Amino acid sequence: MSAAILTKYLSDSRRSLTGWAVGTAVVGMVYASTYPSQRENTANLPEALRDGLNIDQTAAGYLHASVFGVILPLLAMIYGVTAGTRAVAAEEEAGRLDLLLAHPVTRTQVAVERFGALVAGAFGIAFLVWLGLLVIRNGAELTSVTPVEFLAQCLNLALLAVFFGALALGLGAAVGSRTVVLVTCAVIGVVSYTVHTFAGQLGADWLAHVSPLHYYIGGEPLRHGFQWADVLVLLVTSGLFFGLGVRRFNQRDINS
């Protein structure tokens, strides 16, 4: 299979992808660099509040609760949904997808190569985040987190973006409506975050396992390194969403 669609798609998206990668890395670096001052603020919080928010004074605890717990996963989810929606649903609504399919390419080829571009973008963003954090690691007093542990969390960051990208692309391939894709992904994102955050406080820890965020950060890669079972879950579910979407894509008529 030729990779012409993938390379063309990456070329057309190079400016936005560069913006996403640099912007996400800078945001991660800025917030991570505040650890020394935030450590002092955390020490002044009541112990009950620290336990309720699941934060501590360690570098891994701070990064887990804020940088990798809220800010970066939100950006990763937005990137995945945006890229996944644009790959099929937005192109179909704009009337450009049927023009592409008029060429000697299959629907499966288009979906696979555009998904490949999305995956490449997600890993490019996560890699730049990893490099950025290594740059500030000593100055921001984050040396208790090893480069390998940073890499493990950044791998999961990429896979979280891929998960929501697969969801958006698969849903867009199945229904061809950008509005349906955006609304559905937004709802799933909000529910996922809410379940992951409050399941323990509600005494329903098992409920957290239905959220992709549990597999993204629940194993605490910043403390324990690579969590391969969580990686496998994110990979398998992403492949399932994508595969079901492509199957439906091959069966329905294209909106024009």
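Remember, predicted model here, so these are calculated numbers, not experimental data.

J.: Explanation requested: the overall build of the protein chain in the structure shown.
T.: Within the protein chain, the regular secondary structure consists of 12 helices and zero strands. Ordered by position in the sequence, the α and β elements of the protein chain form the string α-α-α-α-α-α-α-α-α-α-α-α. Principal-axis analysis of the C-alpha atoms gives the protein chain an extent of 65 × 40 × 30 Å. The contacts of the protein chain with a sequence gap of at least 6 include a subset with a gap of at least 24, amounting to 78%. Here the protein chain displays about 12200 Å² of accessible surface, and carbon together with sulfur accounts for 65% of that area.

J.: What is the right way to look at the UniProt feature "transmembrane region" (unreviewed entry) in the protein chain in this model?
T.: In the UniProt entry, the feature "transmembrane region" (unreviewed entry) is given for residues 59–81, 115–138, 150–173, 180–199 and 226–246. For residues 59–81, the end-to-end C-alpha separation is 30 Å, with 100% helix and 0% strand making up the annotated structure. The straight-line gap between the two end C-alpha atoms of residues 115–138 is 36 Å; of that span, 92% is helix and 0% is strand.

J.: Sorry if this is basic, but what is going on with a nonpolar patch on the surface here?
T.: Residues V22, V26, V30 and Y31 make up a contiguous nonpolar surface patch of roughly 330 Å² in combined accessible area. By the element assignment, V22 lies in helix 2 (residues 14–32). When its relative accessible area of 42% is taken as the criterion, V22 is described as partly exposed.

J.: So what exactly am I meant to see when it comes to the packing of aromatic side chains here?
T.: The description of two aromatic rings rests on the distance between their centres and on the angle between their planes. Evaluated as defined, the whole model comprises seven aromatic pairs. With centroids separated by 5.8 Å and ring planes inclined at 40 degrees, the aromatic side chains of F127 and W130 adopt a geometry described as tilted. Of the two residues, F127 and W130 both sit in helix 7 (residues 107–136), three residues apart, roughly one turn of that helix. Assessed through its relative accessible area of 16%, W130 is described here as buried. Grouping aromatic residues by their ring pairs yields a cluster made of F163, F164 and F241. Seen from the ring of F249, R107 lies directly overhead, with NZ or CZ sitting 5.6 Å from the centre.

J.: Explain the pattern of salt bridges here, please?
T.: Counted according to the given criterion, the structure contains six salt bridges. Residue E91 pairs with R96 through a salt bridge whose shortest N-O separation is 2.9 Å. According to the relative accessible area criterion, E91 is buried, its value standing at 9%. You can call R96 partly exposed: its relative accessible area is 45%.

J.: Which parts of the structure should I look at to understand the side chain of H214?
T.: Examined against the element boundaries, H214 turns out to sit in helix 10 (residues 212–217). Exposure remark for H214: the relative accessible area of 18% places this residue in the buried category. In this view, H214 contacts H196, A208, H209, G219 and D230; residues no more than four positions away in its chain are not counted.

J.: Just to check I follow, could you spell out the nonpolar core for this structure?
T.: As a rule of thumb, soluble globular proteins bury nonpolar side chains together. If you look at the biggest cluster of nonpolar residues, it comprises 67 residues, and the most contacted ones within it are L63, F68, V129, L142 and F150. No other element matches helix 8 (residues 147–175), which puts 16 residues into this core.

J.: I'm lost on the side chain of S211 in this one. Help?
T.: Turning to its location among the elements, S211 is positioned in the loop between helix 9 (178–198) and helix 10. Here the side chain of S211 touches S192 through a polar contact of 2.9 Å, landing on its backbone oxygen. If sequence neighbours within four positions are ignored, S211 has contacts with S192, V195 and H196.

J.: Teacher, can you tell me more about helix 2 here?
T.: The periodicity of an α-helix, 3.6 residues per turn, causes residues three or four places apart in sequence to face the same way. With 19 residues, helix 2 extends 27 Å between its outermost C-alpha atoms, agreeing within 8% with the 27 Å of an ideal straight helix rising 1.5 Å per residue. Along helix 2, the positions that sit buried rather than exposed are A21, T24, A25, G28 and A32. Summarising the axial view, the buried residues of helix 2 lie within an arc of 95 degrees, below the 170-degree limit, and thus occupy one face.

J.: How should I be thinking about the packing of helix 2 against helix 7 in this particular structure?
T.: Two packed helices can be described by the angle between their axes and the distance between those axes. Contact pair helix 2 / helix 7: the axes reach a minimum separation of 8 Å and the direction vectors enclose 35 degrees. When the axes of helix 2 and helix 7 are compared, the crossing they make is right-handed. Contacts between helix 2 and helix 7 pair L17, W20, A21, V22, T24, A25, G28, M29 and A32 from the former with G121, I125, L128, V129, G132, L133 and I136 from the latter. Split by residue class, the contact of helix 2 with helix 7 holds 12 nonpolar, four polar and no charged.

About the thresholds
- Residues numbered from 1 in each chain as written.
- Predicted model: local features only at pLDDT ≥ 70, side-chain atom pairs only at ≥ 80, totals over all residues.
- Heavy atoms only, no water.
- Helix = DSSP H or I, 4+ residues; strand = E, 2+ residues; numbered from the N terminus.
- Contact = heavy atoms within 4.5 Å.
- Areas by Shrake-Rupley, 256 points an atom, 1.4 Å probe, with all protein chains shown as cover.
- UniProt positions renumbered as here; feature names shortened; annotations may be inferred.
- Patch = residues over 30% accessible without salt bridge, like charges linked within 9 Å, V, L, I, M, F, W, Y side chains within 5 Å.
- Salt bridge = Lys/Arg side-chain N within 4 Å of Asp/Glu carboxyl O.
- Buried < 20%, exposed > 50% of the residue type's maximum accessible area, 1.4 Å probe, protein only.
- Phe/Tyr/Trp six-rings, centres within 6.5 Å; stacked < 30°, edge-to-face > 60°.
- Lys NZ or Arg CZ within 6 Å of the ring centre and 35° of its normal.
- Core = buried A, V, L, I, M, F, W, Y, C linked by side-chain atoms within 4.5 Å.
- Polar contact = N/O pair within 3.5 Å; in protein donor to acceptor, adjacent residues only side chain to side chain.
- Expected span 1.5 Å × (residues − 1).
- Arc of directions from axis to C-beta.
- Axes fitted to C-alpha atoms, helices over the stretch in contact; angles between N-to-C directions.
- Left-handed = near helix turned anticlockwise from the far one by under 90°.
- Nonpolar A, V, L, I, M, F, W, Y, C, P; charged D, E, K, R; others polar.

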